[in-house]
Amino acid sequence: MSSISEIEWHELPVADFSIGEGAIALVVTPFDDSTGQYRRLSLRLFGFEDVYVKMDSDITLSTLALSEMEVDRFEFHQLGNKLSGKLSILTGSTGFWGIEFKNAEWTFEPSI
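Residues numbered from 1 in each chain as written. Predicted model: local features only at pLDDT ≥ 70, side-chain atom pairs only at ≥ 80, totals over all residues. Heavy atoms only, no water.

Visitor: What's the story with the packing of aromatic side chains in this structure? I'm lost.
Guide: The description of an aromatic ring pair rests on the distance of the ring centres and on the angle between the ring planes. Evaluation of the coordinates by the stated rule reveals six aromatic pairs. Their ring planes at 55° and their centres at 5.9 Å tell us that Trp9 and Phe108 sit as a pair that is tilted. Remark: Phe108 occurs in strand S9 (residues 96–110) and Trp9 occurs in the segment before strand S1 (12–19); sequence separation between them is 99 residues. Given the relative accessible area of 7%, Trp9 is considered buried. Of the residues examined, Phe108 reaches a relative accessible area of 12% and is grouped as buried. Consider the rings of Phe74 and Phe101, whose centres lie 6.2 Å apart with planes at 35°: the pair is tilted. Of the two residues, Phe74 is situated in strand S7 (residues 69–79) and Phe101 in strand S9; the sequence distance between them amounts to 27 residues. Take Phe74 and Phe101: they sit in the same class, and that class is buried. Here a set of aromatic residues connected by ring pairs shows up, and it is made of Trp9, Phe74, Phe76, Phe101 and Phe108. (Phe/Tyr/Trp six-rings, centres within 6.5 Å; stacked < 30°, edge-to-face > 60°. Helix = DSSP H or I, 4+ residues; strand = E, 2+ residues; numbered from the N terminus. Buried < 20%, exposed > 50% of the residue type's maximum accessible area, 1.4 Å probe, protein only.)

Put into structure tokens, the structure is as follows:
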């Protein structure tokens, strides 16, 4: 379970998330049925042609909300070595973040 297309990108717990000037990084923890354990996988998007971030205006982040973050949906397509798509993240019960990106370079690998 290390391919980006093998992950079920719905109700997927988020362990870490950051948005910087040049990259978006997301660490998710899917359950691996074959081992009976959670895995930590890191998706990093960078070198975008375009990126749009939308945050629900009513978001109030607390420690609880941050610990309950999850990927609601991730729709993507790959063209060559570039990735384009839309990522929706629920922030506990306080709102959502939407990220749309076009022609991003990317990595998807195990995370510490």
